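# Structural description and commentary
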Amino acid sequence: MADPGAARPGDRPAGSAGRADQKKPSFLADLFAPVGGFGVTFATMFRKLETEEYPEEKRPTQPRYHGRHQLNRHPDGLEKCVGCELCAWACPADAILVEGASNDDSDGGAGRFSPGERYGRVYQINYLRCIFCGLCIEACPTRALTMTNFYELADNNRADLIFTKDQLLAPLQEGMLTPPHPMVDGLEERDYYQGKVARATPEQEAWVKERDAQPEDGLAPSGDPVEGVDTVTSRQVGRDTTEAVRR
Ligand code: SF4
Ligand code: SF4
């Protein structure tokens, strides 16, 4: 039986380990070896500069850039958010705070803000925590939450980087009305998602006109207090509540 440790034809002699095969570096290579690492530096020095004049000149982002969030609306102005909190649960950075509430169409109720059973009464995103991963928008079942291309989110204090619902809500477009207001007559929630609503109807417009003509929480449409009515506005209550839940 052959000895496993025995040398085979073609093996290098033990101890020399191929050193004899290595080429000796030339004189010039030896001379420049200590500064060889500067090659990249020198090459970069003669490359054309690409200076971006930010913030005077802003380059457009990639189309699918993950920027600031937006809470979207239906074409009649109702909010798409149904206050389900799935976005908050999906967020790995615990940056989202949602408090849902029931839409209340009854007389004297808060009114209807979304076509669903509920809506997002409080909605906040803390941009000190957000890592712009986009998991929240993947989790949203109604496409209420999407991301824009806006990226200028620096500030000099913590409080201003906690965005509230009024900052995140998409602006009203042509044909939209400010909620609360009723849904389009004869349609259900699913009809909104099936694209059957193109804009606010004349009935909705009339309803909103009548609502805006009513003195609200002690204020006439002119903004003057109405005698004998509580003068604390619902806007103030909403703002105080929002401040209270800031983290
Ligand atoms: S983008 Fe990511 S980190 Fe930011 S709020 Fe959404 S889930 Fe949270
Ligand atoms: S944004 Fe979407 S996921 Fe988040 S609470 Fe609203 S509907 Fe639910």
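Scroll up a little and you will see the structure.
Residues numbered from 1 in each chain as written. Chains lettered and ligands numbered in written order. Predicted model: local features only at pLDDT ≥ 70, side-chain atom pairs only at ≥ 80, totals over all residues. Heavy atoms only, no water.

## A short note on the overall build of the protein chain
- In terms of regular secondary structure, the protein chain is built from 8 helices and 5 strands.
- Ordered by position from N to C terminus, the α and β elements of the protein chain give α-α-β-α-β-β-α-β-β-α-α-α-α.
- Buried residues in the protein chain amount to 31% of all 247 residues.
- Summarising the internal contacts of the protein chain: among those between residues at least 6 apart in sequence, 70% fall at separations of at least 24.
- Entry remark: accessible area of the protein chain is about 17300 Å², with carbon and sulfur atoms responsible for 54%. (Helix = DSSP H or I, 4+ residues; strand = E, 2+ residues; numbered from the N terminus. Buried < 20%, exposed > 50% of the residue type's maximum accessible area, 1.4 Å probe, protein only. Contact = heavy atoms within 4.5 Å. Areas by Shrake-Rupley, 256 points an atom, 1.4 Å probe, with all protein chains shown as cover.)

## Concerning the site of ligand 2
- The environment of ligand 2 is formed by 13 residues, the closest being C81, C84, E85, C87 and C140.
- Taken together, the residues of the shell around ligand 2 break down into 10 nonpolar, 2 polar and 1 charged. (Near = heavy atom within 4 Å. Nonpolar A, V, L, I, M, F, W, Y, C, P; charged D, E, K, R; others polar.)

## Notes on the site of ligand 1
- Of all residues adjacent to ligand 1, which total 13 residues, the nearest are C91, C130, C133, G134 and C136.
- A class-by-class count of the residues in the shell around ligand 1 yields 11 nonpolar, 2 polar and no charged.

## Quick look at the packing of aromatic side chains
- One pass over the full model with this rule turns up 5 aromatic pairs.
- On the numbers, 6.0 Å between centres and 75° between planes, the contact of Y65 with Y151 is edge-to-face. With Y65 in the loop between α2 (39–45) and β1 (69–71) and Y151 in the loop between β4 (145–147) and β5 (162–164), the pair connects residues that are 86 residues apart, well separated along the chain.
- Residue class for Y65 comes out partly exposed when judged on its relative accessible area of 34%.
- Take Y151: its relative accessible area is 30%, and that puts it in the partly exposed class. (Phe/Tyr/Trp six-rings, centres within 6.5 Å; stacked < 30°, edge-to-face > 60°.)

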